[in-house]
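The lines below spell out each chain.
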Amino acid sequence: MKCVCGSGLKEIRTDLDFFDGSVVVRNVKAFYCPECKEELFDSKEGDRLTEQVSKLDFVRPFESRKKIAKVGNSYAIPVSKEIAEYMQVKKGGEIRVKVQSPKRLIVDFA
Ligand SMILES: [Zn+2]
C-alpha cells in the first residue's frame, strides 16, 4: 500500500479516541507514512469502528443539562449524582478547569 505522496506505508497499531477521549479503542490497525508523518486508517475499518462505538449507549446517560448556579462571586456547575459517583467527586475535592473555547470547559478531577 502506498501513500498519496508515493511513499510506502508502514502497518502500525494505534489507539483511536472517540467522544473527546471518553471511549478509546486500542490496538487499531492503521498505516503510517514516514514521509508525511500521518496516520491513515483503512476506511472500512474506520467505518466499522465508528458504527460500533456509536452503538455504545453508556456514554449518553452521563450527559445532563443543568442550570448554572451562583455561589458568592463564583458560578457553580451542578454535577449529577450519576456523574459524581462515576467520577468519584467529593465535596472539597480539587478540580482543574481549562477553557477550550467560549462554549467548552474541560474539568479534570484530581
Ligand atoms: Zn505520505
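Being a predicted model, the structure only gives us computed values, none of them experimental. The residue numbers shown here count from 1 along each chain, following its written sequence. At least 70 in pLDDT is required for a residue's local features to be given in this predicted model, at least 80 for side-chain atom pairs to be given and counted, and no such filter applies to totals for whole chains, interfaces and linings, which use all residues. Side-chain numbers come from the whole structure's heavy atoms, not from hydrogens or water.

1. Some words on the domain arrangement of the chain
Logical step 1: Domain extents, as shown, originate in an automatic or database domain assignment. Here the chain is partitioned into domain 1 (10-60) and domain 2 (64-109).
Logical step 2: Put simply, the middle of domain 1 and the middle of domain 2, counted by C-alpha atoms, are 29 Å apart.

2. Quick notes on the environment of K103
Logical step 1: As for its placement among the helices and strands, K103 is situated in the loop between β6 (95-101) and β7 (104-109).
Logical step 2: Along the sequence, K103 and N73 sit 30 residues apart, while their C-alpha atoms lie 21 Å from each other. Numbering goes from the N terminus for both helices and strands, where a helix is a DSSP run of H or I of at least four residues and a strand is a run of E of at least two.

3. A few points about the sheet that holds strand β2 (residues 23-33)
Logical step 1: Read across the open sheet, the 3 strands follow the order β1-β2-β3; overall the sheet is antiparallel. If you trace the sheet from one side to the other, it starts and ends with β1 (10-18) and β3 (38-40), each paired once. Sheet twist, expressed as the average angle between the axes of neighbouring strands with direction ignored, equals 50°.
Logical step 2: Bridge count between β2 and β3: 3 bridges; the pairing is antiparallel. Bridge pairing links Y32 to E39 in β3. Any two strands between which DSSP finds at least two bridges are classified as paired. Where helices are involved, their axes are fitted lines through C-alpha atoms of the stretch in contact, as for all axes, and angles between N-to-C directions lie from 0 to 180°.

4. Some points on the coordination of the zinc ion
Logical step 1: With distances of 2.2 to 2.3 Å, the protein atoms coordinating the zinc ion are C3 (SG), C5 (SG), C33 (SG) and C36 (SG).
Logical step 2: The coordination sphere of the zinc ion comprises 4 donor atoms, whose angles at the metal cover 105 to 114°; the geometry is tetrahedral.
Logical step 3: Between consecutive donor residues of the zinc ion, the sequence gaps follow C-x1-C-x27-C-x2-C. You can see C5 sitting in the segment before β1 and its partner C36 sitting in the loop between β2 and β3, a full 31 residues away along the chain. Donor atoms are limited to N, O and S found within 2.8 Å of the metal ion, a distance that becomes 3.2 Å for Na, K and Ca. With water left out, some sites might look partial. A site with four donors is called tetrahedral when every donor-metal-donor angle falls between 85 and 135 degrees; four donors are called square planar, and six octahedral, when opposite donors sit more than 155 degrees apart and all other angles fall between 65 and 115; any other arrangement is irregular.

5. A word on the pattern of salt bridges
Any two side chains of opposite charge can pair if their charged atoms end up close together.
Logical step 1: Think of a salt bridge as a Lys or Arg side-chain nitrogen and an Asp or Glu carboxyl oxygen that are within 4 Å of each other. As enumerated under the stated definition, the model contains 4 salt bridges in all.
Logical step 2: The residue D108 makes a salt bridge to R96 at a minimum N-O spacing of 3.3 Å. Of the two residues, D108 is situated in strand β7 and R96 in strand β6; the sequence distance between them amounts to 12 residues.
Logical step 3: Burial status follows relative accessibility: with a 1.4 Å probe on protein chains alone, a residue under 20% of its type maximum counts as buried, one over 50% as exposed, and anything between as partly exposed. When its relative accessible area of 53% is taken as the criterion, R96 is described as exposed.

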